[in-house]
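What the coordinates show
Chain residues, written in single-letter form:
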Amino acid sequence: MNNLSLIVAKCDQTNAIGKDGTLPWDLPSDLKNFKRITEGGSVIMGRKTYESIPKKFRPLRNRTNIVLTSNQEWEEDGVFVYHDDSHLLSQILWSSPPAIVRDKENFVIGGERVYRDFIGECEHLYVTNVLGYIEGDAHFPLIDEDKFKKVFFCNSYEFDNSKDSHPYQLIVYKRRKSIDKFNTESFKRKLKIV
Ligand SMILES: NC(=O)c1ccc[n+]([C@@H]2O[C@H](COP(=O)([O-])OP(=O)(O)OC[C@H]3O[C@@H](n4cnc5c(N)ncnc54)[C@H](OP(=O)(O)O)[C@@H]3O)[C@@H](O)[C@H]2O)c1
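Residues numbered from 1 in each chain as written. Predicted model: local features only at pLDDT ≥ 70, side-chain atom pairs only at ≥ 80, totals over all residues.

1. As for the environment of Tyr133
Put simply, the rule is: Secondary structure follows DSSP: runs of H or I at least 4 residues long count as helices, runs of E at least 2 residues long count as strands, and numbering of each begins at the N terminus. Comment: burial labels come from other C-beta atoms within 10 Å of the residue's own C-beta, placed from the backbone, where a count of 20 or more is buried, 12 or fewer is exposed, and between is partly exposed. The contact rule is simple: place each C-beta atom from the backbone, and if two of them lie within 7 Å, those residues are in contact.
With respect to the helices, strands and loops of the structure, Tyr133 is situated in the loop between strand E7 (124-130) and strand E8 (138-139). The class of Tyr133 is exposed, set by 9 C-beta atoms lying within 10 Å. Each C-alpha atom, one on Tyr133 and one on Ile109, is 22 Å from the other, the two residues being 24 residues apart in sequence. Discounting chain neighbours no more than four positions away, the residues touching Tyr133 are Gln13 and Thr14.

Below, the structure written as structure tokens:
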């Protein structure tokens, strides 16, 4: 399985990803990048992350939405739901009908527990490093640079960041063991970076 990736915005100093059930920053340009990167694939998330998305935007459009919850009764139109199980990943990958989009990139989109559980399986990590000291109550795990190498880097001034609350860096990590090469030009086209 090599089309599972992860996408996160985290504080560069504290690794915070969330506070009080929401994002501790306002980064419209990063949300636009999130959309451009994830569209067409599936998005795998914890129940709290799903419920943190404003109602009018969920399920996330043009993506297969997969939500993890231990609550057997939780359901939502247009969402694939999975429950706690040691074979969760294989269930998601091989369920029938398949929830995962096999020939596309599929994205783990949080929160904390889901990132921790899946980071070891991911091929790419798309990391927005939000600059500043921002506290939170949900955090991203440390990235093991023995396992992942940086293959792309840019600053938020490459985008229209006039409405962003903080500057950030966008970094892509790729699994070191991977044999494929990261296609920088195609990624830049996706983000409309000239
Ligand atoms: N900055 C970012 O990129 C980013 C991304 C995502 C989220 N966030 C932020 O992170 C916060 C939410 O994250 P969180 O860490 O608190 O919660 P979360 O991971 O989104 O959701 C946790 C819930 O997901 C379910 N879950 C997770 N793994 C499961 C498994 N293996 N099996 C069954 N159920 C499982 C459980 O739901 P039940 O309790 O229903 O059983 C658990 O309580 C919010 O502040 C949000 O804004 C930030």
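2. Concerning the pairing of strand E3 (residues 42-46)
Here is the rule we go by: By this definition, two strands are paired if DSSP reports at least two bridges between them. Handedness of a crossover: with both strands directed away from the viewer, a clockwise path from the first strand across the helix to the second marks it as right-handed.
When you tally the buried positions in E3, you get 5 out of 5 residues, the bulk of the element. Of the two faces of E3, both are covered, the one formed by Ser42, Ile44 and Gly46 as well as the one formed by Val43 and Met45. Pairing geometry for E3 and strand E4 (residues 64-68), over 5 bridges, is parallel. Across the sheet, the residue bridging to Val43 is Asn65, located in E4. You can see the chain leave E3, run along helix H2 (residues 47-52) and come back into E4, and the turn it takes is right-handed. With 2 bridges joining them, E3 and strand E6 (residues 106-108) adopt parallel strand pairing. By the bridge assignment for E6, Ile44 is matched with Val108.

3. Remarks on helix H1 (residues 28-38)
What counts is decided by this rule: Note that the arc is computed from the directions linking the helix axis to the C-beta atoms.
Along H1, the residues that are buried comprise Ser29, Asp30, Asn33, Phe34, Ile37 and Thr38. Looking straight down H1, one finds that the buried residues subtend no more than 155 degrees of arc, so they occupy a single side.

4. Re the nonpolar core
Rules: For the purposes of this analysis, a nonpolar core is taken to be any set of buried Ala, Val, Leu, Ile, Met, Phe, Trp, Tyr and Cys residues that are connected through C-beta atoms within 7 Å.
Counting residues in each nonpolar core, the largest one holds 39 residues, and the members touching the most others are Leu6, Ile7, Val8, Ile44 and Val108. Looking at this core, the element that brings in the most residues is strand E1 (residues 4-11), giving 6 residues.

5. Side note on unusual backbone geometry
Cis geometry is adopted by the peptide bond preceding Pro59, which originates at Arg58 and carries an omega value of -5 degrees. Relative to the assigned elements, Pro59 resides in the loop between H2 and E4. For the peptide bond that leads from Gly110 to Gly111, omega is 0 degrees, which places it in the cis range. Backbone geometry at Asn62 places phi at a positive 60 degrees, although glycine is not the residue there. Residue placement: Asn62 occurs in the loop between H2 and E4. The exposure class assigned to Asn62 is exposed, which follows from the 10 C-beta atoms found within 10 Å. Phi angles above zero are rare outside glycine, and Lys192 is one such case at about 60 degrees.

6. Considering the site of the ligand
Put simply, the rule reads: In this entry, near means the residue's backbone-placed C-beta atom lies within 6 Å of the molecule or strand. Three categories are distinguished: nonpolar for Ala, Val, Leu, Ile, Met, Phe, Trp, Tyr, Cys and Pro, charged for Asp, Glu, Lys and Arg, and polar for the others, with Gly belonging to the last.
Residues in contact with the ligand amount to 28 residues; listed here are only the nearest, Gly18, Gly46, Thr49, Gly110 and Gly111. The set of elements that each furnish at least two residues to the shell around the ligand consists of E1, strand E2 (16-18), E3, H2 and helix H4 (112-118). Here the shell around the ligand is composed, by residue class, of 10 nonpolar, 12 polar and 6 charged.

7. Comments concerning the environment of Leu170
Tracing the backbone shows Leu170 in strand E10 (residues 168-175). Once the C-alpha coordinates of Leu170 and Val130 are considered, the two residues, 40 residues apart in sequence, prove to be 8.7 Å apart. Excluding its chain neighbours within four sequence positions, the residues that come into contact with Leu170 are Asn33, Thr128 and Cys154.

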